[in-house]
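Survey of secondary and tertiary structure
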Amino acid sequence: MVRAGLTADRVTLAGAELADEVGLEHVTMSAVARRLGVKDASLYAHVRSLEDLRGRIALLAADEKTIRIAEATAGRAGKDALVAYANAWRQYAHDHPGRYTATQIPIQIDPELVARAAGPRRAIELTYSMLRGYALEEPDLTDAVRLMRSTLHGFTSLEAAGGFAHARPAEDTWVRCLDALHTLLEHWPTHEEGDQT
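Overview of the structure. None of the values given here were measured: they were computed from a predicted structure. Residues take numbers from 1 onward in each chain, read along the sequence in its written order. For a predicted model such as this one, the threshold for reporting local features is a pLDDT of at least 70, and the threshold for listing and counting side-chain atom pairs is 80 or more; totals across whole chains, interfaces and linings nevertheless cover every residue. Here the side-chain values reflect all heavy atoms present in the structure, with hydrogen atoms and water set aside.

1. Topic: the overall build of the protein
Numbering of helices and strands runs from the N terminus; a helix is a DSSP stretch of H or I covering at least four residues, while a strand is a stretch of E covering at least two. For the protein, the count of helices and strands is 11 helices and zero strands. In sequence order, the secondary structure elements of the protein are arranged as α-α-α-α-α-α-α-α-α-α-α. Across its three principal directions, the C-alpha atoms of the protein cover 65 × 40 × 40 Å. The rule is simple: take the accessible area with a 1.4 Å probe, protein chains only, and divide by the maximum for that residue type; under 20% is buried, over 50% is exposed, in between is partly exposed. By residue count, 41% of the 197 residues in the protein fall in the buried class. Residues count as neighbours in contact if any of their non-hydrogen atoms are within 4.5 Å of one another. Looking at the protein alone, contacts between residues at least 24 apart form 68% of all its contacts between residues at least 6 apart. For the protein, the computed accessible surface area is about 11100 Å², with 54% contributed by carbon and sulfur atoms. Charge convention: Lys and Arg are scored as positive, Asp and Glu as negative, and His as well as the terminal groups of each chain are ignored. A single reference atom marks each charge: NZ on Lys, CZ on Arg, CG on Asp, CD on Glu. Here the protein contributes 22 positive and 28 negative side-chain charges, whose respective centroids are spaced 8 Å apart. Method for areas: the Shrake-Rupley scheme with a 1.4 Å probe, in which residue coverage is limited to the protein chains shown.

Given below as structure tokens:
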């Protein structure tokens, strides 16, 4: 019997809140059931498994993060857009560490859920659109997307893990990293310059 008021969305949100509190790796179906005040079996009417729940959390997080980035970058271009994009990314990772983790690790997600989710597609569109402002074309555009993602994810992950114990404030380094990323994007090396042969 399905408990009244319990939905896949409610189960997903409960799992996402728990992930932010204790870490995605510590989320279990039993813990989510306790949070919702139901028996474990009640959850399976709404999500198929723990992996399914993690996939739903990842899609929820992708939607939320994309909305933040879209709002932050609206009407901006060039360095202003890059900084707004990066700051929204970092703030989301700070605010929702468990959800953020779900967007960065391999999870088997139901293809039907992925097809209905706007967040991942919109995130790609926003990122490529912002970087096209630097007059990059393929394959440089994809390389720039990968570089930016690596920079933002690397910094936020190290920061969350306490990896910046140096006396210099992490915020100061963040600002300089974005300055450097902007400079690199403006002066992207040609294929000839980047060739190792």
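2. Considering unusual backbone geometry
A cis geometry characterises the amide bond from E138 onward to P139, with omega recorded as 0°. Checked against the element boundaries, P139 lands in the loop between α8 (119-132) and α9 (140-160). Here the phi dihedral of A135 falls at roughly 60°; this positive angle occurs in a residue that is not glycine. As for its placement among the helices and strands, A135 is situated in the loop between α8 and α9.

3. Details of the nonpolar core
Think of a nonpolar core as a cluster: buried Ala, Val, Leu, Ile, Met, Phe, Trp, Tyr and Cys residues, connected wherever their side-chain atoms sit within 4.5 Å. Ranked by size, the top nonpolar core spans 25 residues in total, and within it M130, L131, M148, L152 and L185 carry the most contacts. Secondary-structure elements contributing two or more residues to this core are α5 (78-95), α8, α9 and α10 (170-186). Sort the elements by how many residues they give to this core and α5 lands first, with seven residues. Within the second largest apolar cluster, 21 residues are counted, among which are A19, A31, V38 and L53.

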